[in-house]
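# An overview of the molecular structure
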Amino acid sequence: MKKIFIFAAAAVLFSACANSKQSGEVKSLEPVDGTIPVAVINADTIFSQYQLAIELREQLTKKQEDARLTVNEKARKLQNEMVDFQRKLENNAFLSRERAEQEGRRLQQKEADLQALDQKLTQDILEEQQRSNLRLRDSIDRAIEVLNSDGKYQLILSTSSLNDNVLFVSSALDITSQVVEYLNDNY
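Because the structure is a prediction, the values reported are computed rather than measured.

## Some details on the overall build of the protein chain
- A tally of regular secondary structure across the protein chain gives five helices and two strands.
- Reading the protein chain from its N terminus to its C terminus gives the helix and strand order α-β-α-α-α-β-α.
- When burial is assessed residue by residue, the protein chain has 32% of its 187 residues classed as buried.
- Pairs at least 24 residues apart make up 88% of the contacts formed inside the protein chain by residues separated by at least 6 positions.
- For the protein chain, the exposed surface amounts to about 12500 Å²; the carbon and sulfur share of it is 50%.

## Some words on the packing of helix α3 (residues 51-90) against helix α4 (residues 97-147)
- Between α3 and α4, the least distance of the axes is 10 Å, while the angle of their chain directions is 175°. One finds that α3 runs roughly antiparallel with respect to α4.

## What about the packing of α4 against helix α5 (residues 176-185)?
- α5 packs onto α4 with a crossing angle of 115° between their chain directions and a minimal axis gap of 10 Å. For the crossing formed where α4 meets α5, the hand is right-handed. For the pair α4 and α5, the contacting residues are S139, I140, A143, V146 and L147 in the first and Q178, V179, Y182 and L183 in the second.
- Tallied by class, residues from the contact of α4 with α5 come to seven nonpolar, two polar and no charged.

## Side note on the packing of aromatic side chains
- Within the structure shown, the criterion is met by two aromatic pairs.
- Ring centres of Y50 and Y187 lie 6.4 Å apart, and the angle between their planes is 80°; on these two criteria the pair is classed as edge-to-face. Taken as a pair, Y50 in the loop between α2 (43-49) and α3 and Y187 in the segment after α5 lie far apart in primary sequence, 137 residues in all.
- Under the relative-accessibility criterion, Y50 is labelled buried at 3%.

About the cut-offs
- Residues numbered from 1 in each chain as written.
- Predicted model: local features only at pLDDT ≥ 70, side-chain atom pairs only at ≥ 80, totals over all residues.
- Heavy atoms only, no water.
- Helix = DSSP H or I, 4+ residues; strand = E, 2+ residues; numbered from the N terminus.
- Buried < 20%, exposed > 50% of the residue type's maximum accessible area, 1.4 Å probe, protein only.
- Contact = heavy atoms within 4.5 Å.
- Areas by Shrake-Rupley, 256 points an atom, 1.4 Å probe, with all protein chains shown as cover.
- Axes fitted to C-alpha atoms, helices over the stretch in contact; angles between N-to-C directions.
- Parallel < 35°, antiparallel > 145°, perpendicular 65-115°, else oblique.
- Left-handed = near helix turned anticlockwise from the far one by under 90°.
- Nonpolar A, V, L, I, M, F, W, Y, C, P; charged D, E, K, R; others polar.
- Phe/Tyr/Trp six-rings, centres within 6.5 Å; stacked < 30°, edge-to-face > 60°.

This is the structure in structure tokens:
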């Protein structure tokens, strides 16, 4: 699940970089002093050093662990009940066939309820992750807007270990530390 969060976080950063300059019509890149004003941000660094990203990841991990614990505990109890039911069936411990069928239906319903709970908890976690991603994207968008309010950069790219289309970046173009510093200072 950590890889899913990192992938989603990288997608948030790519989206933030793409959305940060949507305010006007598409313009061609114009060289300034013989160079095109481009900057690069490393998503992995942002999500490993940005305090909000760290806290949201920890919260999501805790929710996942709590959900897994809840489902596993209920599954273990249900398994014990099923073993007990099977033992009673084998020993003819039920007073009537109807009583045995009633207990079998009750256990089937418990199993269906457990599956529904597992699906609900999984869905809740996915929704929480989406909310976290939106929150991160918004804060990164704001940071990019502020840091580039002077229009110094015409293009800001994002790199990450999961989806890296940028093969080489001069350290002079890397503004990751500035973005991380701004994000943490304003968190």
